[in-house]
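# Summary of the model geometry
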Amino acid sequence: MPFLIYALRRALQAVPVILMIMVGAFLLLKLAPGDTVDALVGDMGGADAQFIARLRAEYGLDQPVWVQLWRYLAKMAQFDFGWSYVYEQPVSVVLLDRLGVTLMLMCASLFFAFTIGVALGAIAARRAYSVTDNVISTLGLVFYATPSFFLSLMMIVVFSVKLGWLPVGGIRTIAAFYTGWDHVLDVARHLVMPTAALSLIYLAFYLRLMRASVLEVAELDFVRTARAKGAGEGRLMFHHIMRNALLPVVTLLGLQFSTLLGGSVVVETIFSLPGLGQLAYQSVIQRDMNTLMGIIFLSSVVVIVVNFLTDLLYARLDSRIELS
Amino acid sequence: MSLADPTDLPPEERRWRVFWRRYRRNRAAVLGLILLGAVVLLALLAGIYEPVDPLRRAGEPLTWPFQTWQTPLGTDQLGRDILAGILHGARISLLIGVVATVISIAIGVVIGALAGYFGGWVDDVLMRITEAFQTVPSFVLLLALVAILGSSIENIVLAIGIVSWTAPARLARAEFMSLRKREFIDAVRNLGVGDAAIIFREILPNALPPVVVYASVIMALAILLESALAFLGLGDPNYASWGNMIGQGRAVLRTAWYVCAIPGIAIVLTVLSFSLLGEGLNEVLNPRQKK
């Protein structure tokens, strides 16, 4: 029961944050040169002043800013982000169309970065200050300094151009019409390089964090007690140290999700993956502000949900956390 | 009396010596300092090697590196000298890194200071704003800001500052929260010193060290953000930028991959130098955090 109350309270805390993001999106829209009617009129190739005034009234753009803000918030709360003049569809439809690819890429990258990063970090910490540790730690720093777009291009040179192993871009082989397992494998092959490019920086991040965390936990009294009682090094590592060392790493899973979504802009653009990131880039180029604000709002909601889930996971994992 | 004994030096100099002795113990941090020195040197050389314009044609298009003395690192598809681009790009990267970091820390420290010092509803409101900024993917927000403000170099620097102030704000807030309860603050308050003076003259100097250490992290982040923007073609087109060189080199990636590889390595080394520097500083200034 206290867990349920805790979850409910955490969920309520997200409300002002979401509200603030919606107000922020409205302000950005107001700051942007031109409004919906300008876009419409531009599409039509010009119109007379009377018609423009009528359109403005119809869209509520002649109202005071406060009224406009209120209407905007009310619409956004229902996931209505307006009309995309580039795609000739409601923005929400365009977004839902693209969400799947991005979530797939995100989860694959997070999984890859987390597992490899935690494993390497634990190995480095167990052999702290040895050659192995130095190599792993240096690799981590280099990974952290490598921009994903640079890595993507170099991977394309090696694995697509020189070796011909992996496709250069897209989410599936065009006109191949695979079904069943062949289709899954085909999509997976297309996701190998984007996943690697996106996860590298986060892999470095988890590696460093896990190394520091294991080193810290290994010094604690209970580890010494367990060792004194005759626990083997393997059991000590997996049963006693890892469990506690993982806690801070898990909290950062949620925080990194937002940065990961930002990184997908570059990676999806390079590999022509039809996801939210590529859509964000195209919306900037085509000045499709409604779509861009929709992406900001939707990705924020995704981040909030992921953060909420990691918080719950953390509270479950660490019984020392008070739920009040 | 030996020279190695720092106690007989004036206090200011002594502090620097101790600082340097601790810093130099970390070999990686020294490497970072050397790398950073190299990048600064590149930026300074830009005016000597190619004083005119790195964006103009300098030789045959797509000359590979080490073929002719005229263009030692080769040329891109428009015949522009890659070495000149690297040198001028170093200027832009450092400039953007430093100015964006100053903006980001200025915003962060003010917000963190107000939240930490006043607490209560001020803290609540400011922290919700901070959370909102942390929730929105910063690169997407950066794209939106650049789309709205336009992509001149001033606007890019400002936009990078706006999307990266949350971490320094949290750091400053934590410092202010612990410092405002100290006795010396009670003492100055009883002397009738106002809030503004307490914040800026009494607490701020004590709260700055951890924030300054974090500056190198923001610097690395700012350089990465700018290069990604320029790569996508959303940077300022009037300046040579490493990201932009890579973005344009993409068109000839299959045959002339060096056009992308050379500026890419420059970015990696620059960001690496700031990371190493940050680690070295952290070890010296916040010794409690590490063994």
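The model shown is predicted, which means the values in this text are computed figures rather than measured ones.

Conventions adopted
- Residues numbered from 1 in each chain as written.
- Chains lettered and ligands numbered in written order.
- Predicted model: local features only at pLDDT ≥ 70, side-chain atom pairs only at ≥ 80, totals over all residues.
- Heavy atoms only, no water.
- Axes fitted to C-alpha atoms, helices over the stretch in contact; angles between N-to-C directions.
- Helix = DSSP H or I, 4+ residues; strand = E, 2+ residues; numbered from the N terminus.
- Parallel < 35°, antiparallel > 145°, perpendicular 65-115°, else oblique.
- Left-handed = near helix turned anticlockwise from the far one by under 90°.
- Contact = heavy atoms within 4.5 Å.
- Nonpolar A, V, L, I, M, F, W, Y, C, P; charged D, E, K, R; others polar.
- Buried area = accessible area lost by both parts, 1.4 Å probe.
- Salt bridge = Lys/Arg side-chain N within 4 Å of Asp/Glu carboxyl O.
- Phe/Tyr/Trp six-rings, centres within 6.5 Å; stacked < 30°, edge-to-face > 60°.
- Expected span 1.5 Å × (residues − 1).
- Buried < 20%, exposed > 50% of the residue type's maximum accessible area, 1.4 Å probe, protein only.
- pLDDT = per-residue confidence, 0-100.

## Some points on the packing of helix 5 (residues 138-149) of chain B against helix 9 (residues 195-231) of chain B
Residues and elements named next belong to chain B.
- With their axes 11 Å apart at the nearest point, helix 5 and helix 9 run at an angle of 60° to one another. One element, helix 5, and the other, helix 9, form an angle in the oblique class. For the pair helix 5 and helix 9, the crossing hand works out as right-handed. Across the interface between the two elements, F139, L142, L143 and V146 of helix 5 pack against L225, A228 and L229 of helix 9.
- The residue inventory of the contact of helix 5 with helix 9, partitioned by class, reads seven nonpolar, no polar and no charged.

## Section: the interface of chain A and chain B
- On the side of chain B, 41 residues touch chain A, which itself brings 48 residues to the contact.
- For the pair chain A and chain B, the summed buried surface comes to about 3900 Å²; carbon and sulfur atoms form 80% of the total.
- On the chain A side of the contact with chain B, F149(A), F150(A) and L153(A) bury the most area, a combined 14% of that side's loss.
- R208(A) serves as the salt-bridge partner of E279(B), at 2.7 Å between the closest nitrogen and oxygen.

## Some details on the packing of aromatic side chains
Residue and element names in this part refer to chain A.
- By the definition in use, this model includes eight aromatic pairs over all chains.
- Ring centres of F114 and Y206 lie 5.7 Å apart, and the angle between their planes is 75°; on these two criteria the pair is classed as edge-to-face. Note that F114 is positioned in helix 5 (residues 91-126) and Y206 in helix 8 (residues 180-218), a separation of 92 residues in sequence.
- Members of the aromatic cluster, connected to one another through ring pairs, are F114, F205 and Y206.

## A short note on helix 7 (residues 148-162) of chain A
- End to end, helix 7 of chain A covers 20 Å across 15 residues, agreeing with the expected 21 Å (1.5 Å per residue, within 8%).
- S148(A), F149(A), F150(A), L151(A), S152(A), L153(A), M154(A), M155(A), I156(A), V157(A) and S160(A) are the residues of helix 7 of chain A that are buried.
- Against helix 8 and helix 10 (233-270) of chain A together with helix 9, helix 10 (242-249) and helix 11 (258-285) of chain B lie the buried residues of helix 7 of chain A.
- Phi turns positive one or two residues past the end of helix 7 of chain A, at G164(A), with a value near 70°.

## Thoughts on the confidence of the model for chain B
- Per-residue confidence for chain B averages 83 on the pLDDT scale, and 93% of its residues sit at or above 70.
- Here the prediction assigns the complex a pTM of 0.86, and the interface score ipTM is 0.85.

## Re the environment of I201(A)
- Checked against the element boundaries, I201(A) lands in helix 8.
- Sequence separation of I201(A) and G140(A) is 61 residues, and the distance between their C-alpha atoms is 8.3 Å.
- Not counting residues within four places of it along the chain, the set of residues in contact with I201(A) comprises F143(A), Y144(A), T146(A) and L224(B).

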